[in-house]
Amino acid sequence: MSIESVTQDKLKIVLLEGIHASAEKLFRDNGFLNVITANKSLPEEELRQILKDAHYLGIRSRTQVTPELLEYCDNLEAIGCFCIGTNQVNLLATQQRGIPVFNAPFANTRSVAELVLGEMILLLRGIPAKNAAAHRGEWQKSATDSYETRGKTLGIVGYGHIGTQIGILAENLGMNVQYYDIENKLALGNAKPADSYHALLQTSDVVTFHVPETPQTQNMMDSEAFSQLKQGAILLNASRGTVVDIESLVNALTNRQILGAAIDVYPVEPKSNQETFISPLREFDNVILTPHIGGSTKEAQANIGIEVAEKLLKYSQNGSTISAVNFPEVGLPSHEGKHRICHIHQNEPGILAKINDIFSANRVNISAQYLQTDGGVGYVVTDIDQTSSEQVFEALQKIPKTIRARILY
Ligand SMILES: NC(=O)C1=CN([C@@H]2O[C@H](COP(=O)(O)OP(=O)(O)OC[C@H]3O[C@@H](n4cnc5c(N)ncnc54)[C@H](O)[C@@H]3O)[C@@H](O)[C@H]2O)C=CC1
Ligand SMILES: O=C(O)CCC(=O)C(=O)O
């Protein structure tokens, strides 16, 4: 498979799911004029149609990029996830098709941390249920099951960018912080690693999840895990909907084993704001239900729009794959007066030699070159002295195991 070079103004950029306008602006300011936006995720058939001739795709967490969908995307050069999670994209299938995937690993983390902190305080005071009752005209003035944060133990599962920030903020409220992570992590402030996942569940007053969606985190909070929790604990999940088994959560709420919960993510989420949200959790006043908005603040979304659009622009304009989540990372600086060709191929020995044989046979002088391989794919960026002729480009495309090649300038 290969692609022809298309002038920048004609490259089709599709930005879905209400990606912040900062992204579209950046593309347009850089001369990308064919930018199509939608404020929701699209149904399968519409998605296929719109992506059939698209070169760049921007999504958030709803759009599923499956191997089947990729069959329809012959021109797709790169994907930007305008969020942290990339579990909605089949990373192996995109890699095999020579499509780097980028994300914004930090920009919304503070927003999630602040939301979780606020929810935790409200839940410890029993506010969600009291608030719901007051809306119905009931007056529930009582201190029963109403607690300060001070002196309570917060258990953080997944001590990464979000988990660590929550730990620091919670310590400032006077909480004891412990965490569980599969990696050995530097403990910030006075936080302590728990002896095990179960030890954390058994000894925390509040448990909050900040893990990625992986096979290991699937139903990490199942009925067995719920049975380990302290009587009257509080549970929060703003990570992924597959992490907490909803039926087990419903049971724990029904038999009052836990005092309350805050859930931002669900196994199945509506595709747009027009769709009804269906969940057995809707009947519980002591559960804060939010529509996957942990990272949805103006600040975070504007920053993410710029960060991910910049990564896509760099890939388009100079071939940089730095910080791609599924691809060899190559970031060759631009060289004045030189011309750049990118070659993506299946990772097998001897391909670089074949590329260079073609340059040599055509008396093309290489001024800089970088090869990086990662798993199944190899990526070579080459700067040459003269503009590449059609003959050279065609020969590069015909090298066996080539996935795609691009002339950048
Ligand atoms: N609700 C929302 O709007 C948002 C949700 N998220 C979700 O939050 C997740 C976490 O975000 P970050 O903290 O930025 O990610 P991160 O990658 O910085 O941290 C994740 C941590 O989880 C740990 N981990 C992985 N598997 C684990 C397991 N089985 N048990 C225990 N620890 C495990 C990792 O070692 C890492 O330290 C993201 O992957 C995303 O799914 C992120 C942003 C917004
Ligand atoms: O803002 C979004 O659409 C998704 C946020 C999220 O879950 C993430 O960043 O991983």
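Here the structure is a predicted model, which means the values were calculated and not measured. (Residues numbered from 1 in each chain as written. Chains lettered and ligands numbered in written order. Predicted model: local features only at pLDDT ≥ 70, side-chain atom pairs only at ≥ 80, totals over all residues. Heavy atoms only, no water.)

A. Quick look at the domain arrangement of the protein. Along its sequence, the protein is organised into domain 1 (1-108 + 297-327), domain 2 (109-289) and domain 3 (334-409). With 23 residues of domain 1 at the interface, the matching set in domain 3 holds 19 residues. Our count for the domain 1 to domain 3 interface comes out at one salt bridge. Arg 406 is paired through a salt bridge with Glu 77; the nearest N and O atoms lie 3.2 Å apart. One can count nine residue pairs in polar contact (both at pLDDT 80 or more) joining domain 1 with domain 3. Contributions of two or more residues to the side of domain 1 that touches domain 3 are made by α4 (91-96) and α11 (298-318). Looking at the side of domain 1 that touches domain 3 residue by residue, the classes come out as seven nonpolar, 12 polar and four charged. (Domains from an automatic or database assignment. Contact = heavy atoms within 4.5 Å. Salt bridge = Lys/Arg side-chain N within 4 Å of Asp/Glu carboxyl O. Polar contact = N/O pair within 3.5 Å; in protein donor to acceptor, adjacent residues only side chain to side chain. Helix = DSSP H or I, 4+ residues; strand = E, 2+ residues; numbered from the N terminus. Nonpolar A, V, L, I, M, F, W, Y, C, P; charged D, E, K, R; others polar.)

B. Main features of the site of ligand 2. Residues in contact with ligand 2, as listed here, are Arg 60, Ser 61, Cys 83, Ile 84, Gly 85, Asn 108, Arg 240, His 292 and Gln 301. Contacts to ligand 2 include Arg 60, whose side-chain N or O atom sits 2.8 Å from an oxygen atom. With respect to ligand 2, the backbone of Ile 84 contributes an N or O atom lying 2.5 Å from an oxygen atom. About the coverage of ligand 2: the protein hides 90% of its 290 Å² of free accessible area. (Near = heavy atom within 4 Å. Areas by Shrake-Rupley, 256 points an atom, 1.4 Å probe, with all protein chains shown as cover.)

C. The arrangement of the pattern of salt bridges in detail. Applying the stated criterion across every chain yields a total of 17 salt bridges. Here Lys 10 ties to Asp 9 by a salt bridge, and the two come within 4.0 Å at their closest N and O atoms. We note a salt bridge from Lys 230 to Asp 205, for which the minimum N-O separation is 2.8 Å. You can see Lys 230 sitting in the loop between α9 (223-228) and β10 (233-237) and its partner Asp 205 sitting in the loop between α8 (197-203) and β9 (206-209), a full 25 residues away along the chain. Connected via shared salt-bridge partners are Glu 44, Glu 45 and Arg 48.

D. Quick peek at the site of ligand 1. By nearness alone, 28 residues border ligand 1, and His 161, Ile 162, Asp 181, Lys 185 and Asp 264 come closest of all. One of the backbone N or O atoms of His 161 is found 2.8 Å from an oxygen atom in ligand 1. Asp 181 places a side-chain nitrogen or oxygen 2.6 Å from an oxygen atom of ligand 1. Taken by itself ligand 1 offers 860 Å² of open surface, and the protein chains cover 89% of this. Elements that contribute at least two residues to the shell around ligand 1 include exactly α5 (109-124) and α7 (161-172).

E. Structural context of the side chain of Ser 22. Mapped onto the elements, Ser 22 comes out in helix α1 (residues 21-29). Residue Ser 22 is classed as buried on the basis of its relative accessible area, which comes to 13%. Look past the residues within four positions of Ser 22 in its chain and what remains in contact with it is Gln 301, Ala 302, Gly 305 and Ile 306. (Buried < 20%, exposed > 50% of the residue type's maximum accessible area, 1.4 Å probe, protein only.)

F. Spatial organisation of the packing of aromatic side chains. Under the definition given, this model contains seven aromatic pairs. Considering the side-chain rings of Tyr 180 and Tyr 197, the 5.6 Å spacing of their centres and the 35 degrees angle between planes classify their relative orientation as tilted. Of this pair, Tyr 180 sits in strand β7 (residues 176-180) while Tyr 197 sits in helix α8, and the two are 17 residues apart along the sequence. Using a relative accessible area of 12% as the deciding quantity, one classes Tyr 197 as buried. An angle of 45 degrees between the planes, with centres 6.5 Å apart, marks the rings of Tyr 315 and Tyr 379 as tilted. Placement of Tyr 315 in helix α11 and of Tyr 379 in strand β15 (residues 377-384) is noted, with a sequence separation of 64 residues between them. (Phe/Tyr/Trp six-rings, centres within 6.5 Å; stacked < 30°, edge-to-face > 60°.)

G. Structural detail: the UniProt feature "domain: ACT" (unreviewed entry) in the protein. Under the local residue numbering, the UniProt record ascribes the feature "domain: ACT" (unreviewed entry) to residues 340-409. Taken end to end, residues 340-409 is 29% helix and 43% strand, and its two terminal C-alpha atoms sit 6 Å from one another. (UniProt positions renumbered as here; feature names shortened; annotations may be inferred.)

H. View of the packing of α1 against α11. Put simply, α1 and α11 touch, their axes get as near as 7 Å, and they point 35 degrees apart. Once α1 is placed against α11, the crossing between them reads as right-handed. Mapping the contact onto sequence places Ser 22, Ala 23, Leu 26 and Phe 27 in α1 and Gln 301, Ala 302, Gly 305, Ile 306, Ala 309, Glu 310, Leu 312 and Leu 313 in α11. Along the lines of polarity and charge, the residues of the contact of α1 with α11 split into eight nonpolar, three polar and one charged. (Axes fitted to C-alpha atoms, helices over the stretch in contact; angles between N-to-C directions. Left-handed = near helix turned anticlockwise from the far one by under 90°.)

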